[in-house]
Amino acid sequence: MKALIYNKNSDKKIELVEIEKPKIIKDTDVILKVTLSSICTSDIHIKKGFVPRAVNGVVLGHEFVGVIDEVGSSVKNLKIGDRVAVNCETFCNECYFCKNGFVNNCINGGWELGCRINGAQAEFVRIPYADNTLYKLPKNVSDRNALFVGDILSSGYFAALMLDIKKEDTIGIIGAGPVGMCAMISAKILGVKKIVAIDINEKRLEIAKNKGLADYFINPDKVDIEKEIKKITPYGLDGVIEAAGGKDTFNMAIQIARPNSTIGVVAMYEENQIFPLPNCYGKNLTYKTGGVDAIHCEKLIELISENKINTDFLITKSYKLENILEAYEYFENSKEDMLKVEITY
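Thresholds, definitions, all that
Every chain begins its residue count from 1, and numbering advances along the sequence as written. Local features in this predicted model are restricted to residues of pLDDT 70 or higher, and side-chain atom pairs are both shown and tallied only at a pLDDT of 80 or more, whereas totals for entire chains, interfaces and linings draw on every residue. Only hydrogens and water are removed before side-chain values are computed, so all heavy atoms of the structure are retained for them. Each axis is a line fitted through C-alpha atoms, taken for helices only over the stretch in contact, and angles between the N-to-C directions span 0 to 180 degrees. Runs of E in the DSSP output that reach at least two residues are strands. Runs of H or I that reach at least four are helices, and both are numbered from the N terminus. For this classification, under 35 degrees means roughly parallel, over 145 means roughly antiparallel, 65 to 115 means roughly perpendicular, and everything else is oblique. Note on contacts: a residue pair is in contact if any heavy atoms of the two residues lie within 4.5 Å. Asp, Glu, Lys and Arg are counted as charged, while Ala, Val, Leu, Ile, Met, Phe, Trp, Tyr, Cys and Pro are counted as nonpolar; the rest, among them Gly, fall into the polar class. Pairs of cysteine sulfur atoms within 2.5 Å are what we label disulfides. Only protein chains enter the accessibility calculation, which uses a 1.4 Å probe. A residue is then buried if its area is under 20% of the maximum for its type, exposed if over 50%, and partly exposed in between.

(A) Just the packing of helix α5 (residues 149-162) against helix α11 (residues 297-305), in detail. At a minimum axis separation of 10 Å, α5 and α11 run at an interaxial angle of 95°. In terms of orientation, α5 lies roughly perpendicular with respect to α11. Contacts between α5 and α11 involve Val149, Gly150, Leu153, Ser154 and Tyr157 from the first element and Cys297, Lys299, Leu300, Ile301 and Ile304 from the second. When grouped by side-chain class, the residues that make up the contact of α5 with α11 number 7 nonpolar, 2 polar and 1 charged.

Dropping the structure here:
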C-alpha cells in the first residue's frame, strides 16, 4: 500500500513509499481503511525535527476518518464496515491519567499515531484500543464534516474549556488559523459574549469575519494591540487563548489579559519561550497549557450532526494520496490563503 513516511535522512524528510498493509497485533486493535485525512502543523514539526520522540520511518498523519476493515477479537463496540472518526490520541482508559480524563498523558499511549506508530497518511492504519478511540458517524455527518473532530476541533474545544467561560466574558484568541478558528467556534458553543480574533494574516481575519466566528478583528502589526483591546474592554480580556505559537504571541497574551484572568496555551512552539515573571507579578493570572485531551469527540460529532458546528470551510485544497508530496509543499509554503488540505483515497 502507499504511505507517506518521515525519513530524517532524506533531502525532503518525507517520502511516498510502498509498505505492507498493517496487521492486527493486539486483540483490541482494528485495521482502518482511510477514506479522508489531512496534514497538521504537527506533521510539519516532525518533518523539521522539532519532535524528538517521533520515530524515523514512521507513517505520518493523525487527523482522519475511515471505514473499519478488520476487527480484533476483543473489540466490542465496532464492526467491519463501520464509518468512524478517529481520536488523535491513543489511550487505554485504565491508567491514572485516562481515568481522570488526561488521555494525552496515558502511560500506554498519548500522541502515538503518526509519531511513534504508523499513522493515517496511508491506505490503511492499525488503531490500538479501538473501542476507546473510534467514534461511529451518523448518516448525516459526512467524512469531510468529521475530518477534524479528533484533532483540531478537539484542540479548539479543549482550549475554550481552559478559560472556564462565563456568559459575560470577552475573550481573545491569538491566531486565526485552523485551531484558533475551532477555538472561536467552541467558545461560541460554550456561551461566550464576545470574541476578539487576533492575527497578522489579513486573509485569515477576513475568513473569520465572513464566517461570523468573532466580533472584533485585530492585526497587531498595524495597531497597538493593548490600546485596541482597552477600547473594547477597559481592564483587558477575561481570557486569552494562545493558538499562534509565534515568537511574541505568548507575551502578547500576558499583556492583553486582564488581572485575575486565565491564559490557555494550545500553540506548539518551535523554540523555548521566556516566562516574564517579573512583569506578571501582581496580575494574578492563571496559566493552562498542554496537548489536547480529546475526550469530547462524541459530543462534537453530535453538535456537527445538529448543524451547530461545521468546519468544512477550513479545507482550502484537495489532493489525492499519490500527490501528497505536492500537498505538503502547498501546506508549508502557501500561508496567505491556506488553512487546511484534505487527502483523498
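Structure shown, so let's carry the discussion forward.
(B) Spatial organisation of the state of the cysteines. Overall, the coordinates contain 0 disulfides when judged by the stated rule. Free cysteine Cys115: the closest other cysteine sulfur is in Cys88, separated by 11 Å. Taking the relative accessible area as the measure of exposure, Cys115 reaches 0% and is therefore buried. Cysteine Cys182 remains unbridged, with the sulfur of Cys40 as its closest cysteine sulfur at 11 Å. What makes Cys182 buried here is its relative accessible area of 0%.

Purely geometric numbers; function is a separate question.
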